[in-house]
Amino acid sequence: MTAIWPDHLFPNHLFLVGCGNMAGQMLSRWLSEGLEPARVTVLRPSGKPVADGVAVVTDYPAALPAGTTVLLGMKPYQIADVADALAPLCAADTRIVSILAGTTLAELRSRFPAARDIVRAMPNLPVGLGEGVTALFSDDATDSAARDAIGALIQPLGLVEWIADEALFNQVTALSGCGPAFLFRFVDTLARAGEAIGIPADQAARMALATVQGSANMAARAAVSPSTLADQVASPGGMTRQGLNVLDADDRLLALLTDTLAAARDRGEAMARGE
Ligand SMILES: NC(=O)c1ccc[n+]([C@@H]2O[C@H](COP(=O)([O-])OP(=O)(O)OC[C@H]3O[C@@H](n4cnc5c(N)ncnc54)[C@H](OP(=O)(O)O)[C@@H]3O)[C@@H](O)[C@H]2O)c1
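Residues numbered from 1 in each chain as written. Predicted model: local features only at pLDDT ≥ 70, side-chain atom pairs only at ≥ 80, totals over all residues. Heavy atoms only, no water.

## Notes on the sheet that holds strand 3 (residues 55-57)
Point 1. A sheet is described by the order of its strands in space; here eight strands give the open sequence 3-2-1-4-5-6-7-8, paired in mixed fashion. Edge strands, defined here as strands with exactly one partner in the open sheet, are strand 3 and strand 8 (158-162). The sheet shows a mean angle of 20° between the axes of neighbouring strands, direction not considered.
Point 2. Where strand 6 (residues 117-122) meets strand 7 (residues 132-138), four bridges bridge the pair, whose relative direction is antiparallel. Bridge pairing in strand 7 places Met122 opposite Ala135. (Pairing = 2+ DSSP bridges. Helix = DSSP H or I, 4+ residues; strand = E, 2+ residues; numbered from the N terminus. Axes fitted to C-alpha atoms, helices over the stretch in contact; angles between N-to-C directions.)

Written as structure tokens, this is what we have:
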């Protein structure tokens, strides 16, 4: 059973700007870890309910409670409109956590000049299960107590990695933020490849997913690296080695994944330039 996260590790008030796929998963995990719904307000234009006891608004309140932590969870291109309405509500003790891909800390500081404590966070979708990865970055202007508090808020979501250099933020976003999509595509393609060599489609889909799930769980618990585990599957002269030879020829899997991450990274850099 999951231990309930101590109450004092949640902010007194959490204001979510946008609560779609990603912020929705974060909130779901926080609520299941004991965050009181009454301490949360969600702003979303649709006004769609989020969870029992969580206030949903379609417009900004007149003021935010003192010491509010704001989670920016809308799309990156909406930052200008959101900041116009939200920045006047922010005070020195308003903490801002931004999950906006490709939106730099410098831009956030210029949009929210009153807020001292601003942290960039890049979560991924499995945070809803407490099995996500969240990269965090903040600058020296952010108070160390605020960094600790935001780190504690993120902790129940899964692995937390502070990034020392913001220049790497698009790279880590490509790896772990976008990564679930690449893995979902891999699972789907493994199943289609199984079908292509004759396995019934529904059976191939079940077997591909269970193989990836079991292998990931095994790698997470193993004392040796995934590379060593691959060698343990491959009997000398056997079937797996022949398959690995295809993946390894000319480092083609490495080249494919490097190109994949580089394309995602480059898009983050373009978004940061406003493209
Ligand atoms: N999806 C991921 O895996 C992932 C991972 C890491 C980071 N991110 C980041 O998370 C952010 C949201 O992505 P998403 O995939 O969750 O998108 P999404 O599902 O489309 O959610 C966007 C949310 O923003 C709300 N919204 C729309 N217009 C708004 C406005 N003008 N002001 C305030 N809120 C507004 C939407 O409201 P309604 O609910 O009413 O439509 C919705 O709740 C992006 O910045 C993205 O870079 C996403």
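## Considering the nonpolar core
As a rule of thumb, soluble globular proteins bury nonpolar side chains together.
Point 1. Among the nonpolar cores identified, the biggest contains 27 residues, and Val17, Val70, Leu72, Leu86, Ile96 and Phe112 are the most heavily contacted of them.
Point 2. Going through the elements one at a time, strand 1 (13-17), strand 4 (68-72), helix 2 (79-86), helix 3 (105-111), strand 6, strand 7 and helix 5 (169-177) are the ones with two or more residues in this core.
Point 3. It is helix 2 that contributes the most residues to this core, four residues altogether.
Point 4. With near-sequence residues (within four places) excluded, Leu72 lies in contact with Val17, Ile79, Val82, Leu86, Ile96, Val97, Ser98, Ile99, Leu100, Leu108 and Phe112. (Core = buried A, V, L, I, M, F, W, Y, C linked by side-chain atoms within 4.5 Å. Buried < 20%, exposed > 50% of the residue type's maximum accessible area, 1.4 Å probe, protein only. Contact = heavy atoms within 4.5 Å.)

## A closer look at the environment of Leu71
Point 1. Along the chain, Leu71 turns up in strand 4.
Point 2. The exposure class of Leu71 is buried, given its relative accessible area of 2%.
Point 3. Not counting residues within four places of it along the chain, the set of residues in contact with Leu71 comprises Phe15, Leu16, Val17, Ala23, Met26, Trp30, Val97 and Ile99.

## Some remarks on the environment of Phe10
Point 1. With respect to the helices, strands and loops of the structure, Phe10 is situated in the segment before strand 1.
Point 2. Residues Phe10 and Ala272, spaced 262 residues apart in sequence, show a C-alpha to C-alpha distance of 30 Å.
Point 3. In this view, Phe10 contacts Trp5, Trp30, Glu33, Gly34, Leu35, Arg39 and Leu153; residues no more than four positions away in its chain are not counted.

## Quick notes on the pairing of strand 5 (residues 95-98)
Point 1. Bridging between strand 4 and strand 5 involves four bridges; their strand directions are parallel. Across the sheet, Val70 pairs through a bridge with Ile96, a residue of strand 5.
Point 2. On the question of chirality, the crossover connecting strand 4 to the parallel strand 5 by way of helix 2 is right-handed.
Point 3. Here strand 5 pairs with strand 6 via four bridges, running parallel. Note that in strand 6 the partner of Arg95 across the bridge is Asp117.
Point 4. In the classification by handedness, the crossover that spans strand 5, the intervening helix 3 and the parallel strand 6 is right-handed. (Right-handed = clockwise from strand over helix to strand, strands pointing away.)

## Points about helix 10 (residues 252-272)
Every α-helical turn comprises 3.6 residues, leaving residues that sit three or four positions apart pointing alike.
Point 1. Between the first and last C-alpha of helix 10 there are 30 Å, a value that for 21 residues agrees with the 30 Å anticipated at 1.5 Å per step.
Point 2. Positive backbone phi, approximately 85°, marks Gly274, located one or two places after helix 10. (Expected span 1.5 Å × (residues − 1).)

## Some points on the UniProt feature "domain: Pyrroline-5-carboxylate reductase catalytic N-terminal" (unreviewed entry) in the protein chain
Point 1. Under the local residue numbering, the UniProt record ascribes the feature "domain: Pyrroline-5-carboxylate reductase catalytic N-terminal" (unreviewed entry) to residues 16-102.
Point 2. Taken end to end, residues 16-102 has its terminal C-alpha atoms 19 Å apart, with 23% of it in helix and 21% in strand. (UniProt positions renumbered as here; feature names shortened; annotations may be inferred.)

## Here's the deal with a nonpolar patch on the surface
Point 1. Together, Leu247, Leu253, Leu256 and Leu257 make up a nonpolar patch on the protein surface, roughly 340 Å² of accessible area in all.
Point 2. The element contributing the most residues to the nonpolar patch is helix 10, with three residues.
Point 3. Locating Leu253 in the fold gives a position in helix 10.
Point 4. Owing to a relative accessible area of 34%, Leu253 belongs among the partly exposed residues under this scheme. (Patch = residues over 30% accessible without salt bridge, like charges linked within 9 Å, V, L, I, M, F, W, Y side chains within 5 Å. Areas by Shrake-Rupley, 256 points an atom, 1.4 Å probe, with all protein chains shown as cover. Salt bridge = Lys/Arg side-chain N within 4 Å of Asp/Glu carboxyl O.)

## Notes on the packing of helix 5 against helix 10
Point 1. Where helix 5 contacts helix 10, the two axes come as close as 8 Å, and the packing angle between them is 135°. Compared by their axis directions, helix 5 and helix 10 come out oblique. Seen from above, helix 5 lies across helix 10 with right-handed handedness. Residues Asn170, Gln171, Ala174 and Leu175 of helix 5 form the contact with helix 10, whose own contacting residues are Leu261, Ala264, Arg265, Gly268 and Glu269.
Point 2. Looking at the contact of helix 5 with helix 10 residue by residue, the class counts come to four nonpolar, three polar and two charged. (Parallel < 35°, antiparallel > 145°, perpendicular 65-115°, else oblique. Left-handed = near helix turned anticlockwise from the far one by under 90°. Nonpolar A, V, L, I, M, F, W, Y, C, P; charged D, E, K, R; others polar.)

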